[in-house]
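Letter by letter, the chains look like this.
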Amino acid sequence: ILKSFLSQRNLVVHILIPMGVLDKMPNAYRFATSILRRNNSDLLNGEIGFPLLAHVRRGYDEKYANKQYATGRHLPFSYFSDAIAVSCAKFNVPKESKLHIHTDLVNKPTKWKPSQEGIIEGFKSNSGHEDVSYIQLEPYDLTRHVACPENYELEIHYCDPIMKTFLDMCTAKVLIQGKSALSYLAGIVNENTVISPINQSHAKLPRWHSSV
């Protein structure tokens, strides 16, 4: 800061995210919660929170990422079936409620042309096909993979706009996180009930519930 006052030249500031420190003191996120909610109150207060929302982040990493990295990267569908059933009972989600799932999976065959060259290169390496310019994504019908408890209705949101997805997660009455930075951040903003998977990459906030 002192240098910025004394120097006439432009400065490049490198901001490092202290994840290692925050993983040891996750309660410090409470300051971020208050600031984020205050600065975005118009957005957050204008949303109607879903009774329960699960973030099924699966991606297609196995197609283009390092196979060692992709293995075990995502939670099984059975995790969400179990978490939804337990949460409805434990947190008194009203019967006949519509339960929601946001997912980055597609529900119809889709040609994906990623802008990052490295993704296509990774796909070529994993698939053995050198003459390709897109990745063919297979469709999923999550109603066949994630069970809905009796007396509830399940609504799946496939690849909704990221801001809508994020706001829905930030305002849900019960948020079931995926193994995902997006739902981790949403859990920080969300002041309601948040369920964190036991193998989340970063530390569980004290106010969150463990999936155990």
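On a predicted model such as this, the values are computed, not experimentally measured, just so you know. Note on numbering: residues in each chain are counted from 1, in written sequence order. This being a predicted model, a pLDDT of at least 70 is required before a residue's local features are given, and a value of 80 or more before pairs of side-chain atoms are given or counted; all residues contribute to the totals for chains, interfaces and linings. To obtain the side-chain values, all non-hydrogen atoms of the structure were used and water was disregarded.

Q: Kindly report on the packing of helix α3 (residues 29–39) against helix α10 (residues 181–189), identifying the contributing residues and their values.
A: Only the contacting stretch of a helix is used when fitting its axis, a line to C-alpha atoms as for every element, and angles between N-to-C directions run 0 to 180 degrees. The helix count covers DSSP runs of H or I at least four residues long, the strand count covers runs of E at least two residues long, and both are numbered beginning at the N terminus. Packing of α3 against α10 leaves a shortest axis separation of 8 Å and a crossing angle of 80 degrees. One way to sum up the angle between α3 and α10 is to call them roughly perpendicular. For the pair α3 and α10, contact is made by Y29, A32, T33, L36 and R37 and by Y184, L185, I188 and V189, respectively. Each residue gets one of three labels, nonpolar for Ala, Val, Leu, Ile, Met, Phe, Trp, Tyr, Cys and Pro, charged for Asp, Glu, Lys and Arg, and polar for the others, Gly among them. Across the contact of α3 with α10, the residue classes break down as seven nonpolar, one polar and one charged. For classification purposes, an angle smaller than 35 degrees is called roughly parallel, one larger than 145 roughly antiparallel, one from 65 to 115 roughly perpendicular, and anything else oblique. Whether two residues touch is decided by their heavy atoms; if any such pair falls within 4.5 Å, the residues are in contact.

Q: So what's going on with the state of the cysteines? Which residues, and what values?
A: When two cysteine sulfur atoms lie within 2.5 Å, the pair is treated as a disulfide. Evaluation of the coordinates by the stated rule reveals zero disulfides. Here C88 is not cross-linked by a disulfide; its sulfur's nearest cysteine counterpart is in C148, at 7.3 Å. Residue C148 is classed as partly exposed on the basis of its relative accessible area of 32%. We call a residue buried when its accessible area falls under 20% of the maximum for its residue type, exposed when it is over 50%, and partly exposed in between, using a 1.4 Å probe and counting protein chains only.

Q: An account of the environment of G128 is requested, with residue identities and associated values reported.
A: With respect to the helices and strands, the residue G128 is situated in the loop between α8 (117–127) and β4 (135–137). The spatial distance from the C-alpha of G128 to the C-alpha of D61 is 16 Å, given a sequence separation of 67 residues.

Q: Describe α3, and please don't skip the residues or the numbers.
A: Every buried residue of α3 is accounted for by Y29, T33 and R37. Taken end-on, α3 shows its buried residues confined to a sector of 70 degrees, consistent with a single buried face. Exposed residues pointing more than 90 degrees away from the buried face of α3 are listed as R38 and N39. Looking at the packing, one finds that the buried side of α3 touches α2 (19–24), α4 (41–45), α9 (162–171) and α10. The arc in question is traced by the directions running from the helix axis to the C-beta atoms.

Q: Which residues make up the environment of L105, and what are the values?
A: Among the structural elements, L105 can be located in the loop between β2 (98–103) and β3 (110–112). As a C-alpha pair, L105 and L167 span 62 residues in sequence and 19 Å in three-dimensional space. In this structure, L105 is in contact with R58, G59, Y60, F77, Y140, L142, Y158 and C159, ignoring residues within four places of it in sequence.

Q: So what about a nonpolar patch on the surface? Which residues, and what values?
A: Where nonpolar side chains cluster on the molecular surface, the patch consists of L2, F5 and L6 and spans about 410 Å² of accessible area. Position of L6 among the secondary structure elements: in helix α1 (residues 2–6). Accessibility expressed as a relative area gives 64% for L6, which makes it exposed. Excluding any residue in a salt bridge, patches collect residues exceeding 30% relative accessible area, merging like charges within 9 Å and nonpolar Val, Leu, Ile, Met, Phe, Trp and Tyr side chains within 5 Å. Per-residue accessibility takes into account occlusion by the displayed protein chains alone, with areas from the Shrake-Rupley method and a 1.4 Å probe. We define a salt bridge as a side-chain nitrogen of Lys or Arg found within 4 Å of a carboxyl oxygen belonging to Asp or Glu.

Q: Break down the sheet that holds strand β8 (residues 209–210) for me, citing the residues and quoting the values.
A: When DSSP finds two or more bridges between a pair of strands, those strands are recorded as paired. What the six strands build is an open sheet, ordered β5-β2-β1-β6-β7-β8; its pairing is parallel. In the strand order of this sheet, the two ends are held by β5 (153–158) and β8, each with one partner. In this structure, strand β7 (residues 193–196) lies alongside β8, joined through two bridges in parallel fashion. Directly across from I195, in β8, lies its bridge partner H209. Against the sheet, helix α7 (residues 77–90) contacts β1 (53–56), β2, β6 (174–176), β7 and β8, and its axis sits at roughly 160 degrees relative to β6. The sheet strands contacting α10 are β1, β6 and β7, and the helix crosses β6 at an angle near 155 degrees.

Q: Describe the packing of aromatic side chains, listing the residues and the values that go with them.
A: Any Phe, Tyr or Trp ring, taking Trp's six-membered ring, that has another such ring centre within 6.5 Å forms a pair; planes under 30 degrees apart are called stacked, those over 60 apart edge-to-face, and the others tilted. Inspection of the entire model under this criterion finds five aromatic pairs. A centroid spacing of 6.0 Å and a plane angle of 75 degrees characterise the contact between Y29 and Y184, whose relative ring orientation is edge-to-face. Here Y184 lies in helix α10 and Y29 lies in helix α3, a separation of 155 residues in the sequence. In this structure, Y29 and Y184 share a single accessibility class: buried. Joined through ring pairs, the aromatic side chains of Y29, Y184 and W208 make up one cluster.

Q: Give a detailed account of the pairing of β7, specifying residues and quantitative values.
A: Judged by which residues are buried, β7 turns out to be covered on both faces: T193 and I195 on one side and V194 and S196 on the other are all buried. Note that β6 and β7 share three bridges and pair parallel. The residue bridging L175 from the neighbouring strand is V194, located in β7. Traced from β6 through α10 to β7, the parallel crossover comes out right-handed. Whether a crossover is right-handed comes down to one check: with the strands pointing away from the viewer, does the path from the first strand over the helix to the second run clockwise; if it does, it is right-handed.

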